[in-house]
Structures are given as C-alpha cells and as structure tokens.
Amino acid sequence: MNSVRFALCTLAFAATAATRIQAQEGASATSRVMTALPSLAAEGRVLPTPMDFAVVPVPRAPAPALSSIRVYAVGSTACGWEYTNGNSSTTCNHAGGELRVAIIEIGYGANPIASMNGGQLPRSARYASTGICITGTQYTWPCTPGQTVVGWLDEYNVDGHESGYFQYQNTSTNAPYNTLYTQINIL
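Residues numbered from 1 in each chain as written. Predicted model: local features only at pLDDT ≥ 70, side-chain atom pairs only at ≥ 80, totals over all residues. Heavy atoms only, no water.

*Asks:* Before we move on, can you summarise the state of the cysteines with the specific residues and values?
*Replies:* A covalent bond bridging the sulfur atoms of two cysteines is what the word disulfide describes. Overall, the coordinates contain two disulfides when judged by the stated rule. A sulfur-sulfur distance of 2.0 Å marks the disulfide that ties Cys-133 to Cys-143. Of note, the bridge from Cys-133 to Cys-143 carries an S-S torsion of about 110° and is right-handed in sense. A residue pair is termed long-range when its members are at least 10 positions apart, and Cys-133 in strand 7 (residues 126-135) and Cys-143 in the loop between strand 8 (138-140) and strand 9 (149-157) qualify at ten residues. On the accessibility criterion, Cys-133 (0% relative accessible area) is buried. Judged by its relative accessible area of 25%, Cys-143 falls in the partly exposed class. Sequential numbering of the bridged cysteines in the protein gives the disulfide pattern 1-2, 3-4. (Disulfide = S-S within 2.5 Å. Helix = DSSP H or I, 4+ residues; strand = E, 2+ residues; numbered from the N terminus. Buried < 20%, exposed > 50% of the residue type's maximum accessible area, 1.4 Å probe, protein only.)

*Asks:* Lay out the pairing of strand 7 with the relevant residues and their values.
*Replies:* Counting buried residues along strand 7, seven of its ten residues qualify, which places the element largely inside the surrounding structure. Judged from the seven bridges that link them, strand 7 and strand 9 form a sheet pairing that is antiparallel. By the bridge assignment for strand 9, Cys-133 is matched with Val-149. Pairing of strand 7 with strand 8 involves three bridges; the strand directions are antiparallel. Bridging across to strand 8, Ile-134 finds its partner in Tyr-139. With antiparallel pairing between neighbouring strands as the criterion, strand 7 and strand 8 make up a hairpin whose turn holds two residues, including Gly-136 at a positive phi of roughly 65°. (Pairing = 2+ DSSP bridges.)

Written as structure tokens, this is what we have:
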C-alpha cells in the first residue's frame, strides 16, 4: 500500500513540476520578445580566459568573488551589435529607436548599478541575464547542464538615448567585497 502511495505521489510531483516548467518557459519566451535586436545570450559566444586564471573545480566552494567587469557590446537599430573589444568608445554612430548595452561580469556581484548620461537606470532596464561558465580554457555561454556558473552576461535596455556615457558598477557578494566599474562612450 505504501509503495502505491509513493508511486502516486511521485507521478503527481512530476506532473506538477512539468506544468511549472512549461509555464516558466512560456513566461520566459514572452519576456524575451522585448526587442527586435537579438539577445546576445542566444549566440553561444566563447571568450578565452585570462592566462593567470586557474581552472580548478572545487565542490561546494563559495561563489567566486567579482574579478572583472567590462562592456562587451553595444547594440542599436542603426548598427546592430558592435563588439567593443575593450575600447572606451564605440566606433559606430548608434541611433534609432533601440539602444542596448551588454556587460560581462566574472564573479558574483550583489549591487549592480547601471546609469546612462549620469542618470541611474531602474533595475528593470536589465532585460536579460545569462550565466557564463568555463569550458576548457574559455568562458562560454549559455552554460550546459552540470557546469558551474562563474559570471554573467547582462543586457540593458537604454532606449531613448542615442549617445552618451553608459556606466556600470557592482560590488562582490563575498570577500574582498570590492566594487568594480566600467564605462563606454556611445557615439
């Protein structure tokens, strides 16, 4: 009798979980249709890790401290996605109805603050966040099941601006509790 109850409970749990996953997938599909610019998360990009970065898996280790923040790309209706390659300014004259900025953050931060032309953006301006993992000696996204997330690709909506300074900062969730900054001049 107990085994029959266990089997029924297991089936009920599986059905409930499947319904929740379908509802979440439907909600996330709706939330992803916020822009005509394709999300960078879907690209499956690869970045080399720094040479001094030792990839040593540690089970049940604390989240990695924030170690790097940079503007990865700027996207607009006029230019599409422009990859910044660490430059302090874009080269394309971004214009049009949409303006997006993608940030790569290695480590875990707890207090992200984004601003455009000195005005702080609401948290809702971040419209996409994708985990970054390490595959071999490279940062990759999206992560595959079983990989450990070591950072984030965050995409910000800054519609209504055609040019100016985008600034971003975040503070590490754990020691050394450092705050890192980045900015870019969008032409």
